Every structure is written in C-alpha cells, then in structure tokens.
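Given next are the chains, with one letter for each unit.
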Amino acid sequence: MPAPPHLSRNFISLVGWLIVCVIGAVLAVLVVTDILFYSEDVYKSIITYMILPGFLMFGVSVVMLGIFLEWRRRHKRDPGEYPALPVVNMNFAWQRRRVFIGAVLLSLVFAGSAVAVYRGYHFTESIEFCGEVCHYVMEPEHTAYQHSPHARVPCVACHIGPGAEWFVKSKISGLYQVYSVLTKSYELPIEVPVANLRPAQDTCEACHWPEKFSDSIERVIWHFSPDQANTPMRYNLLLKVGGGDPELGRGAGIHWHSSDHVQLRYWPRDEKRLEIPWVEVTVRDQEPRVFRSPD
C-alpha cells in the first residue's frame, strides 16, 4: 500500500507548524537562559512561563485542527479509502515512520511545555510574582512585607499554604484578581481577606508551635525629647509572650488563647473588626464566659 499524502499538508496545519516552530525555539532559548543566568525580571518570567506556553499549545491545537479537517475532507471525497476514523497498521513502513516521527515531535513539545509549566508554577508561587507583577496595586503591601519579621517567608506560605485544594482555590480566585486589575475595578487600600483566609492551624502553626512556651521578652525603647539638650528617655517594655499547654501550667501570656483547650469566639461590629462588643471564651469543659460591652 503506497503512502498517502501527509494529513498535515494543508494551509491550517502549516500555519500551526510555523507557530510551533517559532514559539518553541524562542521558548527553548528563554528557558535555558533563565536556568543558566537566573534573573528576577518578572515580566520576562511572565512571557517565558505564562504567555509563550499558551501560544505553543495554541500552535499544536491549530496543527491538530488542520489534520482533523483534512481527514474529514478526504473521507467525504472517498469514504472507501478513508474511513470515518484513522486506522493504524504498523505493518506498513510509512505508518511506522510517521507514528515514530509524530511521537518524537509530540514528546518534544510536551516535554518543553512540562518544563515551562513547572517553572511557571514556581514563578506564580514566588515573592516577585505576588509583589511586583501588580506593582501599582500591591506596592504598599510589598513594601511593608520587605521590612516585616516575615520578610524571608514566601507570601504563599501564609496566604495559600500546602495542599492541592487551597492551591486550586487560590488560582481560581486569582482569575478574578487578574480581571480586577485589567478592568481597574479593585478598591484601595487592599482589604485583608479575613473572611476567607485559610485557618491559622494550616499555615501559621507550621512555624509557630502553639504549645511551645516562650518567656517574656524585654524591649528597650529610647526616645529623645525635642528640647535643646535632646534629653534621652528610656522605656522598658516587657512582652509577656507566654503560650504553652495549660495542662503543664504554661497557659499564660498574650498567647494563652492559642491552646487547643481554648475556644475563642467574637462578634465584630464593623467589617474592619475594630469594634468587638461581644467575646465568648470556653476553656475545656468549663462553662463559657461571655464579655459584653455596656450597650
């Protein structure tokens, strides 16, 4: 049986192959360059790991669309020679050759895409992506973060945490955030997502062990009066950090409520949680204690 003409020999597939070859070559150069000479240029990373892989998959889709349309055209013209579905018969040398070449090309495309997707995943989890991509929107938060005690902790460690469930949730909510930035429908200042923030047990407690007791910490703060001699004034501040397990007699300090034996509930009057007129504290099996404002 002679080899029929290639199904990809049509205008649509040729356009797709052109896109795949050009984008694939550019993507390969950028990925290798980024691996060998790492830079924190967020816009280069966006192009390399988010935009170009999308165009590469688009090119592959165009090639497959052209092959499908060409097969359907041949089937309508000669249904006896071209059945409704392709038949792979490895007894023919030309089919073995085409299957091998197609498998190699697809393997290269998907291998390159896998590397780009993997690197893109780490890029979207990076501090640069969170703080600098939307630099105008998140500039105040990013600046405060850089000078905070958590400056060496990645943003996603607290805002997302480990696990696939919250990763998917964050990416879905991120789509609306991208839409808000593109349409400038966001509100400033950016509100803290307290209502839908992941529980502290899944994020904060990975570093801050609730049952670990900490001694009080002394801080010395110096001020200088605005008089002629700039008289120095020293203030000693004692922070009773506390914490720990009440069963061991260590449930004290400002973190006494972080114990598993304590349940704390409160009702805020406003969205910013600046006015809290009702608080309920339950310690183990004891009766709940309720604290109310006079009104």
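Residues numbered from 1 in each chain as written. Predicted model: local features only at pLDDT ≥ 70, side-chain atom pairs only at ≥ 80, totals over all residues. Heavy atoms only, no water.

On to the overall build of the chain, then. Across its full length, the chain carries 7 helices and 5 strands. Mapped in sequence order, the helices and strands of the chain form the string α-α-α-α-α-α-α-β-β-β-β-β. At 31 Å, the chain has a C-alpha radius of gyration far larger than the 19 Å of a compact globule built from 295 residues. Reported as C-alpha extents along the three principal axes, the dimensions of the chain are approximately 95 × 60 × 40 Å. For the chain, with 295 residues in total, the buried portion stands at 23%. (Helix = DSSP H or I, 4+ residues; strand = E, 2+ residues; numbered from the N terminus. Rg over C-alpha atoms; globule rule 2.2 N^0.38 Å. Buried < 20%, exposed > 50% of the residue type's maximum accessible area, 1.4 Å probe, protein only.)

Counting 10 residues, the largest nonpolar core consists of Val20, Ile23, Leu27, Val31, Tyr49, Leu52, Leu56, Val60, Val109 and Ala116. Of all elements in the fold, only helix 1 (11-36), helix 2 (42-77) and helix 3 (93-124) reach the threshold of two or more residues within this core. With sequence-adjacent residues up to four places away left out, Leu52 is seen in contact with Ile23, Val26, Leu27, Leu30 and Ile47. (Core = buried A, V, L, I, M, F, W, Y, C linked by side-chain atoms within 4.5 Å. Contact = heavy atoms within 4.5 Å.)

Taken in spatial order, the 3 strands line up as 3-4-5 in an open sheet, and their pairing is antiparallel. Across the chains shown, the open sheet's two edge strands, defined by having one partner strand only, are strand 3 (262-267) and strand 5 (289-292). Strand-to-strand twist of the sheet, defined as the mean angle between neighbouring strand axes without regard to direction, takes the value 15°. Note that strand 3 and strand 4 (residues 278-283) share 6 bridges and pair antiparallel. Each bridged residue has a counterpart across the sheet, and for Val262 the counterpart in strand 4 is Val283. (Pairing = 2+ DSSP bridges. Axes fitted to C-alpha atoms, helices over the stretch in contact; angles between N-to-C directions.)

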